[in-house]
Amino acid sequence: MNVVSKKILFNEPLTLGSGEMLPGFELMTETYGELNQEKSNAVLVCHAFSGNHHAAGIKEENAKPGWWDELIGDGKTIDTEKYFIVSLNNIGGCHGSTGPTSISPKTEQAFGAGFPEVSVSDWVETQKLLADHLEIDCWEMVVGGSLGGMQALQWAISYPDKIKKAAIIAASSKISTQNIALNEVAREIIKKDECFHNGDYLSHGETPSKGLKAARMLGHITYLSESNMSKRFGRKLQDPLTKMDADINYEVENYLQYKGEQFAKTFDANSYILMTKAMDSFDPAKNFDHDLVKCLKSIQAKLLIASFDSDWLFPKEYGLDIQMSAIKAGIDSTYIELNGEYGHDSFLFYSNDYSVALKNFLNSNG
Amino acid sequence: MDKILQTIVIDWIPDKAKVVDFGCGDGALLKILAEEKSILGYGVENDPVKINGCIKNGVPVIQQDIDECIQHYRDMDFDVAIMASSIQCLKKPRNAMQNILKVANECVITLPNFGNWELRAGLLRGKMPSSVQLPAKWYETKNLHLCTIVDFEELCNEESFNIKKKVYLNNKGASSWLTNTFPNLFAAEAVYLIG
């Protein structure tokens, strides 16, 4: 598999949906496989809330494989011998693309809390500029799970003739009240960290890692299923030699502590807030009198909507809701419900049914 | 689906119709209908293997249980609803029949006739009958509510379903003097256009 990592600079100012402007921006990208001569084999992979451009392969020694390495690669579900896969870190993120930790040309300091609000539509606009840069006129497929699935849906709505297929996995056309509530608790935990300084922690030389860690611990629970947690940890006690903290009793506590801490080391608090806000505000139907059917009418791409049975964060009703509206709108759309062990996170992992469905969809003709 | 049966069904469906096929299998019928009649078709299927067949065939499909979902298909402006050899697999076929006529203006229903002489002969021998249309063993069959042509038409009568067209086919998929004169005895399959 041919892996190319590249940071691409876009010099033109970008006006965001909020009306605010970025004077220019950078996108951190990774591509896998080769673009064919007709430039007709390109697949865009959109990352979820805490994901990034590193979707597949192992870059450096001891580095982790990409977040979708189980599905992207030579001979895999999204076959890099056949397709040219483009993955990127979205703006507002913290893995190389322009975001709150980048230096603002205006103030010559990190944007921090001053980074403009971004939306799923803004991401799609930047991804369109990336497609133009790569001279890809039309994606064979845009695919993503969770917040990534929302980007795939937005692509189909925003650029009907620039995308042939959209795979919308473990996603929804808007998140529920409960989802917004959970995001708000996470944001509150971060903001109440004494090192947060109203988001200007970088200029104070500090990071609100305690808040970020606790927010991630809460989030992590919502990404897993109850049965998976029970199966994996049960009520097993943590080995005293590997306890993260003296107060820990159970394995599950240690696991969350560890995961939270790892996350806090690599993620930016302002990005966390920004990304959750983008998720909260995603609602493409709001520009169509809150009528999802009207909103989907212009779609020319084929849709594959997939939900996982153990996902309680984005339950199957969300996927079905898009599907039923798609039928009313008279567009080509398929809905499947997959068995997933891991709750919402199931979209990240290979399973036979999941892989076969996605592969058949990608390889199917008009 | 048998070729002759398929020809009849295709013939009854108007060009460019919006069609839903409950129990669509691997989407073969919808695929042909899309090619030959430029229909906009959706399949409803609950078997993951068959669903993957639909995806491979490029046929839009919804993974759902017909008994549970059929009423949600009412306001979708379907011109035709198809239920081909599916009705006997449902938990509540009467409910499904009541709903399917609210889903679309016209419905195409095909069903295996349990009154066919071969099946009666099987029962006379004291065995659960099997045939080309009903090949599964009693412990493997997905059929829950088998009926005869007389039974089905009685239900249509009770519910005031208007049978616009019907064709009776023998076990070779052909219509004959025998199947038309004594359908409940000689037809292996019946096809209805109900509206």
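What counts, and at which threshold
Residues numbered from 1 in each chain as written. Chains lettered and ligands numbered in written order. Predicted model: local features only at pLDDT ≥ 70, side-chain atom pairs only at ≥ 80, totals over all residues. Heavy atoms only, no water. Helix = DSSP H or I, 4+ residues; strand = E, 2+ residues; numbered from the N terminus. Rg over C-alpha atoms; globule rule 2.2 N^0.38 Å. Buried < 20%, exposed > 50% of the residue type's maximum accessible area, 1.4 Å probe, protein only. Contact = heavy atoms within 4.5 Å. Areas by Shrake-Rupley, 256 points an atom, 1.4 Å probe, with all protein chains shown as cover. Lys, Arg positive; Asp, Glu negative; His and termini not counted. Charge placed at Lys NZ, Arg CZ, Asp CG, Glu CD. UniProt positions renumbered as here; feature names shortened; annotations may be inferred. Disulfide = S-S within 2.5 Å. Salt bridge = Lys/Arg side-chain N within 4 Å of Asp/Glu carboxyl O. Domains from an automatic or database assignment. Buried area = accessible area lost by both parts, 1.4 Å probe. Nonpolar A, V, L, I, M, F, W, Y, C, P; charged D, E, K, R; others polar. Axes fitted to C-alpha atoms, helices over the stretch in contact; angles between N-to-C directions. Parallel < 35°, antiparallel > 145°, perpendicular 65-115°, else oblique. Left-handed = near helix turned anticlockwise from the far one by under 90°. Patch = residues over 30% accessible without salt bridge, like charges linked within 9 Å, V, L, I, M, F, W, Y side chains within 5 Å. Polar contact = N/O pair within 3.5 Å; in protein donor to acceptor, adjacent residues only side chain to side chain. Phe/Tyr/Trp six-rings, centres within 6.5 Å; stacked < 30°, edge-to-face > 60°. Core = buried A, V, L, I, M, F, W, Y, C linked by side-chain atoms within 4.5 Å.

(A) Up close: the overall build of chain B. For chain B, the helix and strand inventory stands at nine helices and seven strands. For a compact globule of 195 residues, the expected C-alpha radius of gyration is about 16 Å, and chain B comes in at 16 Å, within 12% of that figure. The buried share of chain B, reckoned over its 195 residues, is 52%. The long-range fraction of contacts in chain B, counting pairs at least 24 apart against all pairs at least 6 apart in sequence, stands at 66%. Surface accessibility of chain B: about 9,400 Å² in total, with carbon and sulfur atoms responsible for 52%. Side-chain charges of chain B comprise 21 positive and 24 negative groups, with the mean position of each set lying 3 Å from the other.

(B) Layout of the UniProt feature "binding site: substrate" (unreviewed entry) in chain A. Residue and element names in this part refer to chain A. Using the residue numbers shown here, the UniProt feature "binding site: substrate" (unreviewed entry) corresponds to Arg216 and Asp345. Annotated residues spanning 130 residues; largest pairwise C-alpha distance 13.9 Å, indicating a single compact cluster. Secondary-structure assignment places Arg216 in helix H4 (residues 209–223). Excluding residues that lie within four positions of it along the chain, Arg216 makes contacts with Phe49, Ser50, Tyr223, Lys259, Gly260, Phe263 and Tyr272.

(C) Looking closely at the state of the cysteines. All names here are of chain B. Using the criterion set out here, one finds zero disulfides over all chains in the structure. Here Cys89 is not cross-linked by a disulfide; its sulfur's nearest cysteine counterpart is in Cys147, at 11 Å. According to the relative accessible area criterion, Cys89 is partly exposed, its value standing at 29%. Cysteine Cys156 remains unbridged, with the sulfur of Cys147 as its closest cysteine sulfur at 9.1 Å.

(D) Region of interest: the pattern of salt bridges. Using the criterion set out here, one finds 20 salt bridges over all chains in the structure. Residues joined by salt bridges that share partners form a network here, namely Glu140(A), Lys164(A) and Lys165(A).

(E) Region of the structure containing the domain arrangement of chain A. Residue and element names in this part refer to chain A. Under the domain assignment used here, chain A contains domain 1 (3–174 + 284–363) and domain 2 (179–276). The C-alpha-based centres of domain 1 and domain 2 are spaced at 25 Å. Contacts between the two partners involve 28 residues from domain 1, matched on the other side by 24 residues from domain 2. Across the domain 1/domain 2 interface, buried area totals approximately 2,200 Å², and carbon plus sulfur atoms make up 63% of it. It is Phe49, Trp312 and Leu313 that lose the most area in domain 1 upon contact with domain 2, and together they represent 28% of the buried surface on that side. For Lys231, the salt bridge is made with Glu341, and the minimal N-O distance between the two is 3.4 Å. Classifying every residue of the side of domain 1 that touches domain 2 by side-chain character gives 16 nonpolar, ten polar and two charged.

(F) Broad picture of the packing of helix H1 (residues 3–12) of chain B against helix H2 (residues 28–37) of chain B. Residue and element names in this part refer to chain B. Packing of H1 against H2 leaves a shortest axis separation of 11 Å and a crossing angle of 50 degrees. Our classification of the angle between H1 and H2 gives oblique. Pair H1 / H2 crosses with right-handed handedness. Contacts between H1 and H2 involve Gln6, Val9, Ile10 and Asp11 from the first element and Leu29, Ile32, Leu33, Glu36 and Lys37 from the second. In terms of residue class, the contact of H1 with H2 is made up of five nonpolar, one polar and three charged.

(G) Spatial organisation of a nonpolar patch on the surface. Residues and elements named next belong to chain B. Judged by side-chain polarity, Leu123, Met128, Trp138 and Tyr139 come together as a nonpolar surface patch covering roughly 520 Å² of accessible area. Inspection of the secondary structure puts Met128 in the loop between helix H6 (117–124) and helix H7 (149–158). Accessibility expressed as a relative area gives 52% for Met128, which makes it exposed.

(H) Layout of the packing of H4(A) against helix H6 (residues 251–266) of chain A. Residues and elements named next belong to chain A. Taken N-terminus to C-terminus, the directions of H4 and H6 make an angle of 125 degrees; their axes are 8 Å apart at the nearest point. On the basis of their axis angle, the class for H4 and H6 is oblique. The hand of the H4/H6 crossing is right-handed. Side by side, H4 and H6 meet where Ser209, Leu212, Lys213, Arg216, Met217, His220 and Ile221 of the first sit next to Tyr255, Leu256, Gln257, Lys259, Gly260, Glu261, Phe263 and Ala264 of the second.

(I) Expanded view of the side chain of Ser271(A). Residue and element names in this part refer to chain A. Position of Ser271 relative to the elements: it lies in helix H7 (residues 269–281). Judged by its relative accessible area of 0%, Ser271 falls in the buried class. Polar contacts involving the side chain of Ser271 include one to the main-chain carbonyl oxygen of Gly93, which spans 3.3 Å. Residues contacting Ser271, with those up to four places away along its chain left out, are Gly92, Gly93, Cys94 and Pro100.

(J) Representation of the packing of aromatic side chains. All names here are of chain A. Enumeration over the complete set of coordinates arrives at 21 aromatic pairs over all chains. Geometrically, the ring pair formed by Trp67 and Trp68 is stacked, given 5.5 Å between the ring centres and 20 degrees between the ring planes. You can call Trp68 buried: its relative accessible area is 0%. Note on Phe263 and Phe267: the rings are 4.7 Å apart at their centroids and 20 degrees apart in plane angle, and the pair reads as stacked. Across this residue pair, the class does not change: Phe263 and Phe267 are buried.

(K) Structural detail: the nonpolar core. Counting residues in each nonpolar core, the largest one holds 112 residues, and the members touching the most others are Leu296(A), Phe22(B), Tyr73(B), Met83(B), Ile109(B) and Phe152(B). Among residues more than four places away in sequence, those in contact with Ile109(B) are Met83(B), Met97(B), Ile100(B), Phe152(B), Ala190(B), Val191(B), Tyr192(B) and Ile194(B). One finds Ile78(A), Ala170(A), Leu338(A) and Ala17(B) within the second-largest nonpolar core, a separate group that totals 57 residues.

(L) Expanded view of helix H3 (residues 48–57) of chain B. Burial in H3(B) covers these residues: Ile51(B), Asn52(B), Gly53(B), Cys54(B) and Ile55(B). In this fold, the buried residues of H3(B) make contact with strand E11 (302–308), strand E12 (333–338) and helix H10 (352–363) of chain A together with strand E2 (40–45) and strand E3 (61–63) of chain B. Where H3(B) begins, one side-chain oxygen reaches toward the backbone nitrogen of Val49(B), 2.9 Å away; that side chain belongs to Asp47(B). At the C-terminal side of H3(B), Gly58(B) shows a positive phi close to 70 degrees.

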